[in-house]
Amino acid sequence: MDICIKRIEGSPVEGFVKGKGPRKPTLMLVGEAPGENEAIQGLPFVGRAGEELKKSLASIGLTREDVYMTSAVRSRPFIWKEKKQRNGETVKKKYNRPPTQSEIIAHAPILDFELLNISPLLIVTLGNVGLQRLLGKSATVSKLHGQLLQRPVQILESLNSTQYTWSSETYTIIPTYHPASVFYRPSNREFLEEDWKTIGDYIKKQRF
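Keep in mind the model is a prediction, meaning the values are calculated, not measured.

A. Focus on the sheet that holds strand β4 (residues 76-84). Strand order in the open sheet formed by three strands is β1-β4-β5, and the pairing between neighbours is antiparallel. Strands with a single pairing partner mark the edges of an open sheet, and in this sheet they are β1 (13-14) and β5 (90-96). As judged from the seven bridges shared by β4 and β5, these two strands associate in the antiparallel manner. Across the sheet, residue Lys83 finds its bridge partner in β5, namely Val91.

Structure (structure tokens):
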């Protein structure tokens, strides 16, 4: 953890959220990065996105306690923007932003460690950032969501490297949209519901 915090020094990020969940979970969820609520509380997937995720998990009979939650970046990437108040006053405010590739690489050793030490039945990536961290830039949620993939994943060549190589181990992955995507694109809800049904069906087949 300390080495990753040091690697990201100088980037406009705040907070640090550890992965959370059992060592042998039903699912490992790989998201993008903490938002404002996550950075404040130090917990993954809280706030509105967390509530949406909770509904998706409940639809296949799971709770947060059944899954391991992690992300490509552990600190909240932010950008300062001006916002006009109702009284006409302009104030500066921090807004979430997508993490940069250098920020993703800075925190890559943590996810690499989790991939080696957490043994989920299935990995579910939430959004493009988590998906591309594992499968490369050519992988997109719009093309791959809901598909059962069995592939090697990207890991750093070494602890201090900034280059990826492919893992010798093959992982089982189903990509889907980030739960927050329904807030700015309501049509994604139908895709999410279908994808989570596919995830639930896969789990049932593996258990019985």
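B. The arrangement of helix α3 (residues 47-59) in detail. End to end, α3 covers 19 Å across 13 residues, agreeing with the expected 18 Å (1.5 Å per residue, within 8%). Against β2 (27-31), β3 (67-71), β6 (122-126), α8 (181-184) and α9 (188-207) lie the buried residues of α3. In the stretch just after α3, Gly61 is the one whose phi turns positive, near 80°.

C. Structural context of the pattern of salt bridges. According to the stated counting rule, one finds eight salt bridges in the structure shown. Linking Lys94 and Glu14 is a salt bridge whose minimum nitrogen-to-oxygen distance equals 2.7 Å. On the criterion of sequence distance, the pair formed by Lys94 in strand β5 and Glu14 in strand β1 is long-range, its members being 80 residues apart. Take Lys94: its relative accessible area is 25%, and that puts it in the partly exposed class. With a relative accessible area of 23%, Glu14 lands in the partly exposed category. Through salt bridges with shared partners, a single network forms among Glu14, Arg76 and Lys94.

D. Region of the structure containing the sheet that holds strand β7 (residues 149-151). Across the sheet, five strands lie side by side as β3-β2-β6-β10-β7; this open sheet has mixed pairing. Bordering the open sheet on either side are β3 and β7, each of which pairs with just one other strand. Between one strand axis and the next, the sheet turns through 30° on average, direction left out of account. Taken together, the three bridges between β7 and strand β10 (residues 171-176) define a ladder with antiparallel strand orientation. Bridge assignment links Arg151 to a residue of β10, and that residue is Tyr171.

E. Examining helix α5 (residues 108-117) more closely. Of all 10 residues that make up α5, seven are buried, and the element is covered over most of its length. Ala108, Pro109, Ile110, Leu111, Asp112, Glu114 and Leu115 are the residues of α5 that are buried.

F. A look at the pairing of β10. Burial within β10 is extensive, with six of its six residues counted as buried. A two-sided burial pattern is seen for β10, the buried positions comprising Tyr171, Ile173 and Pro175 on one face and Thr172, Ile174 and Thr176 on the other. Taken together, the four bridges between β6 and β10 define a ladder with parallel strand orientation. Bridged to Ile123 within β10 is Ile173.

The rules behind each value
Residues numbered from 1 in each chain as written. Predicted model: local features only at pLDDT ≥ 70, side-chain atom pairs only at ≥ 80, totals over all residues. Heavy atoms only, no water. Pairing = 2+ DSSP bridges. Helix = DSSP H or I, 4+ residues; strand = E, 2+ residues; numbered from the N terminus. Expected span 1.5 Å × (residues − 1). Contact = heavy atoms within 4.5 Å. Salt bridge = Lys/Arg side-chain N within 4 Å of Asp/Glu carboxyl O. Buried < 20%, exposed > 50% of the residue type's maximum accessible area, 1.4 Å probe, protein only. Axes fitted to C-alpha atoms, helices over the stretch in contact; angles between N-to-C directions.

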